[in-house]
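Observations on the model geometry
Okay, here's what each chain looks like letter by letter:
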Amino acid sequence: MSAKIYRPAKTAMQSGKAKTHLWVLEFDQEQPRRIDPILGYTSSGDMKQQLRLTFETREQAEAYAKREGIEYRVIQPKDPARQVVSYTDNFRFNRVQPWTH
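Bear in mind the structure is a predicted one, so any value in this text is a computation, not a measurement.

**Looking at the overall build of the protein chain**
The helix and strand tally for the protein chain stands at 1 helix and 6 strands. Along the protein chain, helices (α) and strands (β) appear in the sequence β-β-β-β-β-α-β when read from the amino end. Reported as C-alpha extents along the three principal axes, the dimensions of the protein chain are approximately 65 × 45 × 20 Å. Counting only residues that meet the buried cut, the protein chain has 17% of its 101 residues in that class. A separation threshold of at least 6 residues defines the contact pool for the protein chain, and within that pool the share at least 24 residues apart is 51%. Counting every atom, the protein chain has about 8,700 Å² of accessible surface; 53% of that belongs to carbon and sulfur. Each charge sign in the protein chain was given a centre, from 17 positive and 12 negative side chains, and these centres are 8 Å apart.

**Here we look at the pattern of salt bridges**
Here the structure, examined in full by the defined rule, presents 5 salt bridges. One salt bridge connects arginine 52 with glutamate 26, and the closest N-O pair in it is separated by 3.7 Å. Pair noted here: arginine 52 is in strand β5 (residues 52-55) and glutamate 26 is in strand β2 (residues 23-27), with a separation of 26 residues, a long-range link. It is possible to trace a salt-bridge network through shared partners that takes in Arg58, Glu59 and Glu62.

**Structural notes on a nonpolar patch on the surface**
Side chains of Ile38, Leu39 and Tyr41 sit close together on the surface and give an oily, nonpolar patch of about 410 Å² of accessible area. Positionally, tyrosine 41 belongs in the loop between β3 (34-35) and β4 (42-43). What makes tyrosine 41 exposed here is its relative accessible area of 56%.

**With respect to the packing of aromatic side chains**
Under the counting rule described, the total for this entry stands at 2 aromatic pairs. Judged by centre distance (5.6 Å) and plane angle (40 degrees), the rings of phenylalanine 55 and tyrosine 64 are tilted. Positioned over the ring face of phenylalanine 27 is lysine 48, at 5.7 Å from the centre of the ring.

**Quick notes on a positive patch on the surface**
Taken together, Arg7, Lys10, Lys17 and Arg82 make up a surface patch of like positive charges. Its place among the elements puts lysine 10 in the loop between β1 (2-6) and β2.

**A closer look at the side chain of glutamate 62**
Structurally, glutamate 62 can be placed in helix α1 (residues 58-68). What glutamate 62 contacts, discounting residues up to four positions off in sequence, is Ile5, Tyr72 and Val74.

**Observations concerning the environment of proline 8**
Positionally, proline 8 belongs in the loop between β1 and β2. With near-sequence residues (within four places) excluded, proline 8 lies in contact with Lys19, Thr20, Leu22, Val24 and Arg52.

What counts, and where the lines are drawn
Residue positions within a chain follow its written sequence, with the count starting from 1. Two thresholds apply to this predicted model, a pLDDT of at least 70 for residue-level local features and 80 or more for giving and counting side-chain atom pairs, whereas whole-chain, interface and lining totals are computed over all residues. Hydrogens and water are ignored here; the side-chain numbers use all heavy atoms of the structure. Think of it this way: any DSSP run of H or I at least four residues long counts as a helix, any run of E at least two long counts as a strand, and we number them from the N terminus. Residue burial is assigned from relative accessible area. The probe radius is 1.4 Å, only protein chains are included, and a residue is buried under 20% of its type maximum, exposed over 50%, and partly exposed in between. Contact criterion: two residues are considered in contact whenever any of their non-hydrogen atoms come within 4.5 Å of each other. Every accessible area reported is derived by Shrake-Rupley at a probe size of 1.4 Å, with residue values counting cover from the shown protein chains alone. We score Asp and Glu as negative and Lys and Arg as positive, and we do not count His or the chain ends. Charge positions come from single atoms, namely NZ of Lys, CZ of Arg, CG of Asp or CD of Glu. Here, a salt bridge means any Lys or Arg side-chain nitrogen found within 4 Å of an Asp or Glu carboxyl oxygen. Exposure above 30% relative accessible area and the lack of any salt bridge qualify a residue for a patch; like charges then connect within 9 Å, and the nonpolar side chains Val, Leu, Ile, Met, Phe, Trp and Tyr within 5 Å. For this analysis, a ring pair means two rings from Phe, Tyr or Trp (six-membered ring only for Trp) whose centres lie within 6.5 Å, classed as stacked if their planes differ by under 30 degrees, edge-to-face if by over 60, and tilted for the remaining angles. We count a charge as sitting over a ring when the NZ of a lysine or the CZ of an arginine lies within 6 Å of the ring centre and within 35 degrees of the ring normal.

What follows is the structure, encoded as structure tokens:
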């Protein structure tokens, strides 16, 4: 039984950072998924894939995994690289690219 511990990034559908401050522990897939021959649904007998535990800090998540004997790996969050873009830069006299419509 293994798991990954990570802090989720914000989705593309939101501009805020809601639900991105918590650390999540998710179990890895133990059994392969299979397709039901009659209905075509994808299913699995692995119930731990449905578990998603949240923690305030990474240390709490790691302590829980150690206490329960779960192998884990930590995925460090990546900070977004922000570019400062100003509307007035479109009209600078020393602009590198020509301005077109």
